[in-house]
Amino acid sequence: MTTQWQGDQKSLDIINDGTNNKLQLADTGDYSGQFWKFIPVPGYTGWYKLATMFTGDKVLDVINDGAGNNQLWMTNSGFYSGQFWKLTKDNGWYR
């Protein structure tokens, strides 16, 4: 996954730091942290969990810390709304 601003040169990736839960934009390459899987959420049509080949059973989540709740991380999969993601098409792009 890339941003319009960075284009194909950078991809959403996982920092390989031992905890493997932090995200970054990294140079695009053949790295398992850049291969994302969209897993349908049962009972929630159009919503997905996002996992990488690198982190396996961890999924993209929003940290619920009461201090803005806008930080992303990879954490164990559960049935939490912060792990449910939806793609919305807008002029050929998805957000």
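Each chain carries its own residue numbering, running from 1 in the written order of its sequence. Thresholds applied to this predicted model are a pLDDT of at least 70 for local features of residues and 80 or more for the giving and counting of side-chain atom pairs; totals over whole chains, interfaces and linings are not thresholded and use all residues. Neither water nor hydrogens contribute to the side-chain values; these are computed over all heavy atoms in the structure.

K.L.:
Just checking my understanding: could you explain the overall build of the protein for this structure?
P.N.:
What counts as a helix is a DSSP run of H or I of at least four residues, what counts as a strand is a run of E of at least two, and both are numbered from the N terminus. Each helix and strand in the protein was counted, giving 0 helices and 9 strands. Taken from the N to the C terminus, the helices and strands of the protein come in the order β-β-β-β-β-β-β-β-β. Taken over C-alpha atoms, the radius of gyration comes to 14 Å for the protein, in line with the 12 Å a tight globule of 95 residues would show. The C-alpha extent of the protein, read off along each of the three principal axes, is 40 × 35 × 25 Å. Surface accessibility in these figures is a Shrake-Rupley result with a 1.4 Å probe; residues are shielded only by whichever protein chains are displayed. With an accessible surface of roughly 6,600 Å², the protein has 52% of that area assigned to carbon and sulfur atoms. The distance from the centre of the 8 positive side-chain charges to the centre of the 9 negative ones in the protein is 7 Å. Our radius of gyration looks at C-alpha atoms and nothing else; its globule reference is 2.2 Å times the residue count to the power 0.38. The convention is simple: Lys and Arg are positive, Asp and Glu are negative, and His and the chain ends are not counted. Positions of charges follow a simple convention, taking NZ of Lys, CZ of Arg, CG of Asp or CD of Glu.

K.L.:
Would you explain the pattern of salt bridges in this entry?
P.N.:
Pairing between side chains of opposite charge can happen when the charged atoms of each approach one another. Salt bridge criterion: a side-chain nitrogen from Lys or Arg within 4 Å of a carboxyl oxygen from Asp or Glu. This model, assessed by the stated rule, comprises 3 salt bridges. A salt bridge links Lys-10 to Asp-27, with the shortest nitrogen-to-oxygen separation between them at 2.8 Å. Linking Lys-10 in strand E1 (residues 10-14) with Asp-27 in strand E2 (residues 23-27), this pair joins segments that are 17 residues apart in sequence. A salt bridge links Lys-22 to Asp-17; its shortest N-O distance comes to 3.3 Å.

K.L.:
What's the story with the packing of aromatic side chains in this structure? I'm lost.
P.N.:
Each aromatic ring pair is characterised by the separation of its centres together with the angle its planes make. Centres within 6.5 Å are what make two rings of Phe, Tyr or Trp a pair, Trp counting through its six-membered ring; a difference in plane orientation under 30 degrees is then read as stacked, over 60 as edge-to-face, and the rest as tilted. Taken as a whole, this structure holds 4 aromatic pairs when the rule is applied. Aromatic rings pair up to connect Tyr-44, Phe-79 and Phe-84 into one cluster.

K.L.:
Honestly, the environment of Gly-7 in this entry has me stumped. Any pointers?
P.N.:
Here Gly-7 is to be found in the segment before E1. A C-alpha to C-alpha distance of 18 Å links Gly-7 and Leu-87, two positions 80 residues apart in sequence.

K.L.:
Is there a simple way to explain the side chain of Lys-49 in this structure?
P.N.:
One can find Lys-49 in strand E4 (residues 47-52). In terms of polar contacts, Lys-49 uses its side chain to reach the backbone carbonyl oxygen of Gly-78, at 2.3 Å. In this analysis, two residues are considered to be in contact whenever any of their non-hydrogen atoms come within 4.5 Å of each other. Beyond its immediate stretch of four places on either side in the chain, Lys-49 contacts Lys-37, Phe-38, Ile-39, Val-41, Val-59, Ser-77, Gly-78, Phe-79, Gln-83 and Phe-84. Between N or O atoms, a polar contact is any pair within 3.5 Å; within protein, one atom must be a potential hydrogen donor and the other a potential acceptor, and residues adjacent in sequence are included only when both atoms are from side chains.

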